[in-house]
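Per-entry structural report
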Amino acid sequence: MKQPVKLDLASLQQKLINEGRGGYCFEQNSLLRAVLLALGFQVTNLAARVLWNMPSGTIAPRSHMVLWVNIDGEPYIADVGFGGLTLTAPLALTPDMEQPTSHEPFRLIAVDRSYIMQAYIKQEWKSLYKFDLQEQELPDYEVSNWYVSTHPHSIFVTNLMVAKPDSNCRYALWNNQFTVHYLDGRTEHRVLSTVAELRATLENVFCLNLGAITEIDRMLQQLIERSCAMT
C-alpha cells in the first residue's frame with residue numbers, strides 16, 4: 001500500500017489493536033516485546049536470517065525479528081510473526097530436542113554458535129530461519145524494517161500475504177491463493193477471483209478490519225488482474 005511501517009509503540013497499538021489491521025514480524029514481535037516487558041519478563045532482541053523457501057546456500061539478510069525471553073530463569077524463544085509457520089508456543093532454548101506446540105512440532109538445531117529453527121511438516125524437518133544470541137538494538141530493527149517494507153523487490157512490497165493459526169488448522173493467503181492446512185495433513189486450496197471473495201476472506205477468516213485502509217478495493221482488484229495475467 002506504499003504506507004510507512006512504524007515501530008514506535010503508539011503506532012503499533014493504533015494499527016494492530018485499535019485498527020485491527022495486522023502486521024508482520026517487526027510489528028507483532030515489537031508489540032509482544034512491550035507486553036512482556038510490562039509484565040516483568042526479561043527480553044533480549046534477536047535477529048534471524050530466513051531459510052524457508054530459500055535456495056540452498058542462500059545467505060539472506062537478518063530480516064526477521066525474534067525474542068529471547070527468560071521464564072523462571074530459563075531461556076525461551078518467542079516469535080509471533082513468522083507467517084504461515086508462526087510459533088504457537090514458546091520454545092525452550094535447548095538444541096536437538098523436539099518440542100510440541102498446539103500445531104506442528106518444532107526444534108532448534110545448534111550449528112556453530114547459531115541455532116536453526118525447524119518445523120516438522122509432512123514427515124520432514126524443514127528449516128525456517130537461523131539466528132544467534134547477539135542482542136539487537138531497536139535501531140537495528142528500524143533499518144531492516146525500512147529495507148523489507150520499501151525495497152522494490154521485497155516480497156512484502158510486491159505481494160499480499162496473510163496468515164493465521166486456528167485451533168485445528170493454519171490459514172494462508174498468497175495474493176489471491178487461499179489455502180487451509182489442517183493438522184491431520186489435509187490441505188484445501190481455492191483461488192479467490194473477485195474483490196468480494198478477497199474482502200470476505202480477509203475480514204471473516206483473518207479478522208482484519210479493512211475499513212481503516214483507504215482504496216483497499218482498488219488494490220485488491222489490481223492484485224486479481226495481475227494474478228490472472230501471470231497464469
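Up top is the structure these notes are about.
In this report, the structure presented in the accompanying data block is examined. (Residues numbered from 1 in each chain as written. Predicted model: local features only at pLDDT ≥ 70, side-chain atom pairs only at ≥ 80, totals over all residues. Heavy atoms only, no water.)

Overview of unusual backbone geometry
Negative phi characterises most residues that are not glycine, and trans characterises most peptide bonds. The phi dihedral of aspartate 96 falls on the positive side, at around 60°, and the residue is not glycine. Position of aspartate 96 among the secondary structure elements: in the loop between strand E4 (91-92) and strand E5 (106-111). (Helix = DSSP H or I, 4+ residues; strand = E, 2+ residues; numbered from the N terminus.)

Some remarks on the sheet that holds strand E10 (residues 177-182)
Reading across from one edge, E8-E9-E10-E11 is the order of the 4 strands in this open sheet, with antiparallel pairing throughout. In the strand order of this sheet, the two ends are held by strand E8 (161-165) and strand E11 (187-191), each with one partner. Mean inter-strand twist for the sheet, computed between neighbouring axes without regard to direction, equals 10°. One ladder, built from 5 bridges, connects E10 with E11; its direction is antiparallel. Its bridge partner lying in E11, valine 180 is registered against glutamate 188. (Pairing = 2+ DSSP bridges. Axes fitted to C-alpha atoms, helices over the stretch in contact; angles between N-to-C directions.)

Quick look at the packing of aromatic side chains
Given two aromatic rings, one states the distance between the centres and the angle between the planes to describe the pair. If you walk through the whole model with that rule in mind, you get 10 aromatic pairs. On the numbers, 6.2 Å between centres and 15° between planes, the contact of tyrosine 171 with phenylalanine 178 is stacked. In this structure tyrosine 171 comes out as buried when scored by relative accessible area, which is 18%. Seen from their ring centres, tyrosine 171 and phenylalanine 206 are 6.4 Å apart, and the 80° between their planes marks the pair as edge-to-face. In this pair, tyrosine 171 is assigned in strand E9 (residues 169-174) and phenylalanine 206 in the loop between helix H5 (195-205) and helix H6 (216-230), connecting sequence segments 35 residues apart. Residues tyrosine 171 and phenylalanine 206 agree in their burial class; the two are buried. Aromatic rings pair up to connect Tyr24, Phe26, Tyr141 and Phe156 into one cluster. The side chain of arginine 186 reaches across the aromatic face of tyrosine 182, ending 4.1 Å from its centre. (Phe/Tyr/Trp six-rings, centres within 6.5 Å; stacked < 30°, edge-to-face > 60°. Buried < 20%, exposed > 50% of the residue type's maximum accessible area, 1.4 Å probe, protein only. Lys NZ or Arg CZ within 6 Å of the ring centre and 35° of its normal.)

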